[in-house]
Amino acid sequence: MNTTGSVTATTILEVRDLGVRLPTGEGPRQIIDGVDISLAQGEALGLVGESGSGKSTTLRSIVRLLPKGAEIDGRVTLAGADVLTLPDPALRRLRGTEVAVVFQDPRVHINPLRSVGDFLIENLVDVQQRPRREAESTVRDILRSVGISDADRRMRQRPYELSGGLLQRVMIAAALATGPKLILADEPTTALDVTTQEEVMAILDEERRARGLAMLFISHDLDLADAVCDRIAVMKDGTIVEELGAEGLRQHATHDYTRALIAARPTLDPAHTVPAGQPDSSTDEPVLSVRDLRKVYRVRPTTGRAREDFVAVEGISFDLRPGGSLAVVGESGSGKSTTAGMIVGLTRPTGGQVVIGGESYANTRLGAKQRRARGRKVQMVFQDPYSSLDRRQTVRDCLREVLDVHGHVPVAQRDDRVDELIAQVGLTSTHARSLPRHLSGGQRQRVAIARALAADPSVLILDEALSALDVSVQAQVIDLLVRIREETGVALLFISHDLPVVAHISDEVLVMHRGLVVESGPVHEVLREPREDYTRELIDSVPREGWTPRRRSSRLATNQGVS
Amino acid sequence: MTELSKVAVRKRQPLLLRRFATMTPLIRIASAVLLLIVLAAVLAPLIAPHDPTTPNALDSFGGPSGSHLLGADASGRDLLSRLIYGARLSLAGPAVVVLLMVPVGVLLALLAAWRGGITDGVISRVIDILFAFPGLILAIVAVAMFGAGFWAPVIALTVSYVPVLARVLRSVALKERNLPYVAALQVQGVSAIRIAVRHLIPNLLPMITVQAGVAFGYAMLDLAAISYLGLGLQPPTADWGVMVSEGQSSVIEGFPQESLYAAVMVLVTVVCINLIGGWFAERHDISEADL
Amino acid sequence: MTLAWAGFLGRKVGVLVVTLLIASLAIFLCLYLAPGDPATVIAGGTKPNPAVLAHIRLEYHLDDPWWQQYLRWLKGVVTGDMGTSFVYHTSVASLLRARAFSTALLVMYAGAIIVGVGVAAGVMSSLRGRFARTIINVATTIAMGAPTFVVAVVLITIFSTGLSWFPIYGSGSGLLGRLDHLTLPAIALSLSFLAYVASITRAAVDEEKSAEHVDTARSRGLRERLITRRHVLRNAAAPILTVSGISVAGLFSGTAVAEQAFGVQGLGSLLVDAAAKKDLAVVQMISLLMVAAFVIVNVLVDTINAVLDPRLTMERGRA
């Protein structure tokens, strides 16, 4: 580990040999050990790592926000004060004036029963003892600078009336309002769409620099941290394994883990991607064909108004050729998951046709036999590895059940087929005997993939199947999918919001926005030369080397309404 | 974000042993006590020293003695025997209630949760309306219609408890049903019945068990109260509720034993059930769902 | 905002009315579900001769179609003409009137104990140290297994031999006298509900204590006491209110046991007596009142909850 900062008069944060033990069922567990951090005034340090690396714990230790029973060693000096030994009143003053925390999910971190305004002025009034009127006017100004123009109205509203992006801006405004010297940001944009993420990060970055605040920025996204920070510290298993200047991260990284993290993350640059799939054999009949698929929901937006139609998916059409790989890309609310649901029969289409392997499935109720037949043609892997498997079934039983239900493998050979499937997804027989709770997220997704393959489908739909996985695990599963596609010739329909991954794994892409297909075509073409504004916006929002988040300052947050 | 963890395959110990080992001392005592009471109920004719209903004026209000270990009541009947036989009746009623209400409640909850839409709407409305009838009231009305005894209160209580159970189970069933693994099974084309029987019910079993235990306790309290009011089992039947009410007039005369012992039996039994139920719920992480 | 509230209240009142109508219909139909000819049923335990039966048939209009009888009955409930009890030989309304006050007082008394002591115990158990928590937990566990009649018997035992703080039997007269006589019944009635409310309160406060928004408040330097008051307790109020509401509503039916045990002349003891004598008319009326009270209390609780958390006023409608 190299520490580039020395203790000078302008050092705002100094962490020396920080160690934290948290109580668990089996006794205290060492979460972080020997962490050193040095942050000068106005400087931004990115703390990057995968889950379990200890980055959140490190951040919380700086303001002593750890659960009861936590044991802390080391020394934390913040704005000249020794945080770990401060008496409570002084600690509270420190928390309320010198440092501010921006948490990950604003919806649970802001009291849902109090107004936004009350939240914003709360510690100005109660900790900094400012008069209420002064606090309100300060807050109003800051709301404007984070792009919320109708501050008065927003302050009267309750958190559930604001969208996620707006709420995070409120969180940032609250952090800025106290006039701290240091901002601690714990994955502030992980829960947001990528375009919203760019906007929020731009605001945070801009305001921070304008006020000369230091920042400790936690993220799992190396490129994002790279873009807004001056230095990056990479954490693994509770320690900092490498510290780098942010410029030229990819070239200068030396530690194996850092290089592995970098390698695991696909880039948008088409030149770097692995050519995926077979050459274009467009003469074959498509294995999946969707025509004018529609889904309309009847909702009552607020009481008193009549029920209206909400169009989730508006007449989309596309083909997927045998062994091909098509990605459907969009942000939340684009309708991509609804589309997937309609193809596998989880959602009844309002209109349109789905033709799989020659058989047409319209929106009538299907009998069990027909559903099973469809299950042999198209299968799906879901987003959440933790609840995609029945927690009471062993892996083996889970796979065996699929074979029993479909009956396409003779009884005597079923156990062997289960073994084959397990090996195919890179698991061992020990895994096969396990219950889901003993497996990691990546392993569970492999099981989910094996379960999908057990029915020998010709189409495999992956509905954000990688989104909940760590970066390094994502890379492994991507490799697995590529290999399976080669081995079995199954066609992949990849639903995602993650463009770099899509660039890596798919031949063609469909961009969806608010229920419509905005653009489509071969992946490399669309990414290199997008024709539509929305596509361009989407591509521009992806953090990558040399990228900085930019604000769309011409688009102030106007009536965004309820989330 | 997931944590990378090592695969751990546990060796399987015998189920009962594992369970007992994880109990705290308090729960072990509660289980033992409950077991004793159940055994007393089952083996009553074999272990009760006297017939519980034969009066014997000579022994009236007798204190603890060789033949009457706990003394005798106003009519000279042996208290210990009455308590032992009382266990039978006081446990039988709740048992019947639970046996009747669980299948119905589970069925309604699954139907509502699985089919959703109109089915759910109708079932939920019916549940809401039945909710307005407290068990005791329903039981009293039933007695007014059909006369006092064992069955009228039991059936009435069953009817009043089913909506409570169905409502709780419905919300848990909904959560379970909306999990991705159910969707995955549907995509496989697995039939609804198979999903319900092989996946939903086994996963809901802990919750169902806890609710059954809770219901048993409440049924016991309600049925004893109904007997106490003279609307359930009638004297001279030895049922704990009846004993409390029969012995109440003796309390002022300085002889509270009959009432107190029976009352304490009710208390102890229900407390044991609640303790074990609570321990079971904690083991299976059921504390968020409202009881 | 106000439009949402109008819709919310409209829906609540609508459901209330429908529930009451259906409940009253069900209660009314008991007359026909009971074994035997309705006239005999109305006569209750008494064995009337054919002349009396004919008289009953006339007075209760038993020859009219059932829905007409129902409407007439319903109208009677609202106007106060609830018919005559053939068992007690007096009008049902006068029977009820004589006893309603005692029961109402008892319910309010017990309700105050439940909410006052129960919530306080739950909050203390969650916020104070391990000692308080353990003691309150033990007390709660035992109390939850103690139904009204058990507590009644214990109290009678204690206060009839030795301590004579409170009178045991009777209803008393005058407000203070009544409260005096109702203390033991109120305690007996409230104890198990109190324990339930305490345990739910503890669970709710426990959960809010570790809520993320409390973390945020702490990270901004607010004092613990302020956090507890403004963020923990305020937010825990909803489930506590709901449970308190259900408990209070359940009190009405519990008066049957409490009044019977202590010899209080209230609606509950009348209900029990009438049931024993198979006087269905009286039983129907009292049941209807108790059901109505239950439903109305629940609507009130829902409304208060919605005031605290306006998210509850929004309709959950999806295709």
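Residues numbered from 1 in each chain as written. Chains lettered and ligands numbered in written order. Predicted model: local features only at pLDDT ≥ 70, side-chain atom pairs only at ≥ 80, totals over all residues.

Caption draft 1: Structural context of the overall build of chain B. For chain B, the count of helices and strands is 11 helices and 0 strands. Helices and strands appear in chain B in the N-to-C order α-α-α-α-α-α-α-α-α-α-α. If one aligns the C-alpha atoms of chain B with their principal axes, the spans along those axes are about 75 × 50 × 30 Å. When burial is assessed residue by residue, chain B has 50% of its 291 residues classed as buried. (Helix = DSSP H or I, 4+ residues; strand = E, 2+ residues; numbered from the N terminus. Buried ≥ 20, exposed ≤ 12 C-beta atoms within 10 Å, placed from the backbone.)

Caption draft 2: Quick look at the overall build of chain C. Counting secondary structure elements, chain C contains 12 helices and 2 strands. Of the regular secondary structure in chain C, the N- to C-terminal order runs α-α-α-α-β-β-α-α-α-α-α-α-α-α. When its C-alpha atoms are laid out on the principal axes, chain C stretches across 85 × 65 × 35 Å. Burial statistics for chain C: of 319 residues in total, 45% are counted as buried. Pairs at least 24 residues apart make up 73% of the contacts formed inside chain C by residues separated by at least 6 positions. (Contact = placed C-beta atoms within 7 Å.)

Caption draft 3: Examining the interface of chain B and chain C more closely. Contacts between the two partners involve 36 residues from chain B, matched on the other side by 41 residues from chain C. Where the side of chain B that touches chain C is concerned, the elements lending two or more residues are α5 (117-131), α6 (135-146), α9 (192-228), α10 (240-252) and α11 (257-283) of chain B. Among the residues making up the side of chain B that touches chain C, the classes are represented as 29 nonpolar, 6 polar and 1 charged. (Nonpolar A, V, L, I, M, F, W, Y, C, P; charged D, E, K, R; others polar.)

Caption draft 4: Layout of helix α5 (residues 92-127) of chain C. Between the first and last C-alpha of α5 of chain C there are 50 Å, a value that for 36 residues agrees with the 52 Å anticipated at 1.5 Å per step. At Arg99 of chain C, α5 of chain C shows its largest bend, some 40°. (Expected span 1.5 Å × (residues − 1). Bend = angle between axes of the 7 residues up to and from the residue.)

Caption draft 5: Representation of the interface of chain A and chain B within the structure. Contact with chain A, which involves 38 residues of that partner, is made by 22 residues of chain B. The set of elements that each furnish at least two residues to the side of chain A that touches chain B consists of α13 (368-375), β16 (378-381), α14 (395-406), α16 (429-433) and α17 (441-454) of chain A. No other element matches α13 of chain A, which puts 5 residues into the side of chain A that touches chain B. A per-class count over the side of chain A that touches chain B returns 14 nonpolar, 15 polar and 9 charged.

Caption draft 6: Quick peek at the environment of Pro52 of chain B. All names here are of chain B. Among the structural elements, Pro52 can be located in the loop between α3 (44-47) and α4 (79-115). On the basis of neighbour count, Pro52 is assigned to the buried category, with 23 C-beta atoms found within 10 Å. A sequence separation of 172 residues divides Pro52 from Ala224, and the C-alpha atoms of the two residues are 18 Å apart. With near-sequence residues (within four places) excluded, Pro52 lies in contact with Arg77, Ser81, Arg82, Tyr85 and Ala238.

Caption draft 7: Summary view of unusual backbone geometry. All names here are of chain A. Residues other than glycine seldom take positive phi values, yet Asp17 does so here, at roughly 55°. Accessibility expressed as a C-beta count within 10 Å gives 11 for Asp17, which makes it exposed. Not every positive phi belongs to a glycine, and Glu187 is a case in point at roughly 45°. The residue Glu187 is located in the loop between β7 (182-186) and α8 (194-211) in this model. Judged by the 21 C-beta atoms lying within 10 Å of it, Glu187 is buried.

Caption draft 8: Seen up close, the packing of helix α15 (residues 411-424) of chain A against α17 of chain A. All names here are of chain A. Across the interface, α15 lies against α17 with an axial gap of 9 Å and an inter-helix angle of 135°. With respect to their mutual orientation, α15 and α17 come out oblique. In this structure, the crossing between α15 and α17 has a hand that is right-handed. Of the residues in α17, those touching α15 at Leu421, Ile422 and Gln424 are Ala450, Leu453 and Ala454. Of the residues in the contact of α15 with α17, the class split is 5 nonpolar, 1 polar and no charged. (Axes fitted to C-alpha atoms, helices over the stretch in contact; angles between N-to-C directions. Parallel < 35°, antiparallel > 145°, perpendicular 65-115°, else oblique. Left-handed = near helix turned anticlockwise from the far one by under 90°.)

Caption draft 9: The pairing of strand β18 (residues 491-496) of chain A, seen in detail. Residues and elements named next belong to chain A. Among the 6 residues of β18, 6 are classified as buried, and the element is accordingly described as predominantly covered. Side chains of β18 alternate between two faces, with Ala491, Leu493 and Ile495 and Leu492, Phe494 and Ser496 buried alike. The pairing of strand β17 (residues 459-463) with β18 spans 5 bridges and is parallel. Bridging across to β18, Leu460 finds its partner in Leu492. Regarding the hand of the β-α-β motif, the stretch spanning β17, helix α18 (residues 471-488) and β18 is right-handed. (Pairing = 2+ DSSP bridges. Right-handed = clockwise from strand over helix to strand, strands pointing away.)

Caption draft 10: Up close: the sheet that holds strand β9 (residues 231-236) of chain A. Residue and element names in this part refer to chain A. Taken together, 6 strands build an open sheet; the order of strands is β6-β7-β8-β3-β9-β10 and the sheet is mixed. Here the strands that pair on one side only, and so sit at the sheet edges, are β6 (99-102) and β10 (239-245). Each strand axis lies, on average, 15° off the axis of its neighbour in the sheet, ignoring direction. The pairing of strand β3 (residues 44-49) with strand β8 (residues 214-219) spans 5 bridges and is classified as parallel. Bridge assignment links Leu45 to a residue of β8, and that residue is Leu216. This element, helix α7 (residues 164-177), spans β6 and β7 of the sheet and lies at about 175° to β6.

Caption draft 11: Structural view of the packing of α6 of chain B against α9 of chain B. Residues and elements named next belong to chain B. At a minimum axis distance of 10 Å, the contact between α6 and α9 shows a crossing angle of 40°. Between α6 and α9, the crossing angle belongs to the class labelled oblique. Seen from above, α6 lies across α9 with right-handed handedness. Every residue of α9 that contacts α6 at Gly135, Leu136 and Ala139 is listed here: Asp222, Ala225 and Ile226. Here the contact of α6 with α9 is composed, by residue class, of 4 nonpolar, 1 polar and 1 charged.

Caption draft 12: Representation of the sheet that holds strand β4 (residues 71-78) of chain A within the structure. All names here are of chain A. Spatial strand order, β2-β1-β4-β5: 4 strands in an open sheet with antiparallel pairing. If you trace the sheet from one side to the other, it starts and ends with β2 (27-40) and β5 (81-82), each paired once. In this sheet, β4 lies alongside strand β1 (residues 11-24) in antiparallel orientation, the contact comprising 7 bridges. By the bridge assignment for β4, Arg21 is matched with Glu71.

Caption draft 13: Representation of the environment of Leu100 of chain B. If you trace the backbone, Leu100 of chain B turns up in helix α4. Along the sequence, Leu100 of chain B and Val162 of chain B sit 62 residues apart, while their C-alpha atoms lie 8.9 Å from each other.

Caption draft 14: Up close: the pairing of β3 of chain A. Residues and elements named next belong to chain A. The element β3 is largely enclosed, with a buried count of 6 among its 6 residues. Every second residue of β3 is oriented toward a common face, with Ala44, Gly46 and Val48 on one face and Leu45, Leu47 and Gly49 on the other, all of them buried. Relative to β9, β3 runs parallel, the two sharing 5 bridges. Across the sheet, residue Val48 finds its bridge partner in β9, namely Val234.

Caption draft 15: Representation of the confidence of the model for chain B in the model. This prediction gives chain B a mean pLDDT of 85; 90% of its residues lie at or above 70. Scored below 50 in pLDDT, residues 1-11 of chain B makes 28 contacts in the model with residues more than four places away or belonging to other chains. (pLDDT = per-residue confidence, 0-100.)

Caption draft 16: Structural view of the confidence of the model for chain C. Per-residue confidence for chain C averages 85 on the pLDDT scale, and 96% of its residues sit at or above 70. Scored as a complex, the prediction yields pTM 0.87 and ipTM 0.87.

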